[in-house]
Amino acid sequence: GMPYSLCVLDVDHFKQINDRLGHAAGDAAIVHLVTVLRSVLREQDLLCRAGGEEFCILLPDTSEHGATTVANRLRIALEQTPFMWEETCWPLTASFGLAVFTPGSDDPETLLQRADRAVYHAKERGRNQVVLL
């Protein structure tokens, strides 16, 4: 009976990091991203790698307002903590999509689809944004 939200994030321009710097740098960028995200998330939040440069965060007991606040904190923390590779700072941002569970009308698959669509909207709007659907 508690509200919860799902956040899906996709690292912006991740392919360029792999192509320009190599896969070792791409792996290090993912580790950096996780470190930054964990520094902002609560203990009860669940961060999972969905694949490649896409991650899901389950935000238990989190309403629409709370999810938007958390996602914006994550976005800003990532933007303000550049990724260091071979003594050079590389900007690292992500696009965030949010969906809030609606009892009676959502199942986990529908929630994931809505959050995933929201990520695509964030990317279409210029990346490094939070979109709630």
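Quick note: structure is the one above.
In this text the structure is predicted, and so the values were computed from the model without any measurement.

A.B. asks: Lay out the layout of surface pockets in plain terms, naming residues and giving numbers.
C.D. replies: Considered as a void within the structure, the largest pocket measures approximately 170 Å³ in volume. Lining of the largest pocket is provided by Asp12, His13, Gln16, Ile17, Arg20, Trp90, Pro91, Leu92 and Thr93. Residue contributions to the lining of the largest pocket peak at 3 residues, all from helix α1 (residues 14-21). Class assignment for the residues of the lining of the largest pocket results in 4 nonpolar, 3 polar and 2 charged.

A.B. asks: Please set out the state of the cysteines residue by residue, giving values where relevant.
C.D. replies: Counted by the stated rule, this structure contains 0 disulfides. In this structure Cys56 is a free cysteine whose sulfur lies 6.9 Å from that of Cys48, the closest cysteine sulfur available.

A.B. asks: So, the pairing of strand β6 (residues 94-100): which residues are in play, and what are the values?
C.D. replies: For β6, the buried fraction is high: 7 of the 7 residues fall into the buried class. Side chains Ala94, Phe96, Leu98 and Val100 project from β6 onto one buried face, and the interleaved Ser95, Gly97 and Ala99 project onto a second face that is buried too. The pairing of strand β1 (residues 4-11) with β6 spans 7 bridges and is classified as antiparallel. Of the residues in β6, the one forming a bridge with Ser5 is Val100. In the classification by handedness, the crossover that spans β6, the intervening helix α4 (residues 108-124) and the parallel strand β7 (residues 130-132) is left-handed.

A.B. asks: Please provide a residue-by-residue account of the side chain of Asn18, values included.
C.D. replies: By secondary structure assignment, the location of Asn18 is in helix α1. Under the relative-accessibility criterion, Asn18 is labelled buried at 16%. Beyond its immediate sequence surroundings of up to four residues, Asn18 is in contact with His23 and Gly26.

A.B. asks: I'd like to hear about the nonpolar core, residue by residue, with values.
C.D. replies: Of all hydrophobic cores here, the largest spans 29 residues; its most connected members are Leu9, Leu33, Ile57 and Leu92. Contact partners of Ile57, with chain neighbours within four places excluded, come to Ser5, Leu6, Cys7, Leu9, Leu41, Asp45, Leu46, Leu47 and Leu74. Judged by nonpolar contacts, the second largest core, of 8 residues, contains Leu6, Ala99, Ala115 and Val119.

A.B. asks: Describe in detail the pattern of salt bridges, supporting the description with residues and values.
C.D. replies: This model, assessed by the stated rule, comprises 5 salt bridges. Here the salt bridges share partners, and the residues they tie into one network are Asp10, Asp12 and Lys123.

Parameters and conventions
Residues numbered from 1 in each chain as written. Predicted model: local features only at pLDDT ≥ 70, side-chain atom pairs only at ≥ 80, totals over all residues. Heavy atoms only, no water. 1 Å grid on protein atoms, 1.4 Å probe; cavity = no way out; pocket = protein on both sides within 12 Å on 5 of 7 lines; lining within 4 Å. Points joined across faces, edges and corners; volume = space filled by probe spheres on them. Helix = DSSP H or I, 4+ residues; strand = E, 2+ residues; numbered from the N terminus. Nonpolar A, V, L, I, M, F, W, Y, C, P; charged D, E, K, R; others polar. Disulfide = S-S within 2.5 Å. Buried < 20%, exposed > 50% of the residue type's maximum accessible area, 1.4 Å probe, protein only. Pairing = 2+ DSSP bridges. Right-handed = clockwise from strand over helix to strand, strands pointing away. Contact = heavy atoms within 4.5 Å. Core = buried A, V, L, I, M, F, W, Y, C linked by side-chain atoms within 4.5 Å. Salt bridge = Lys/Arg side-chain N within 4 Å of Asp/Glu carboxyl O.

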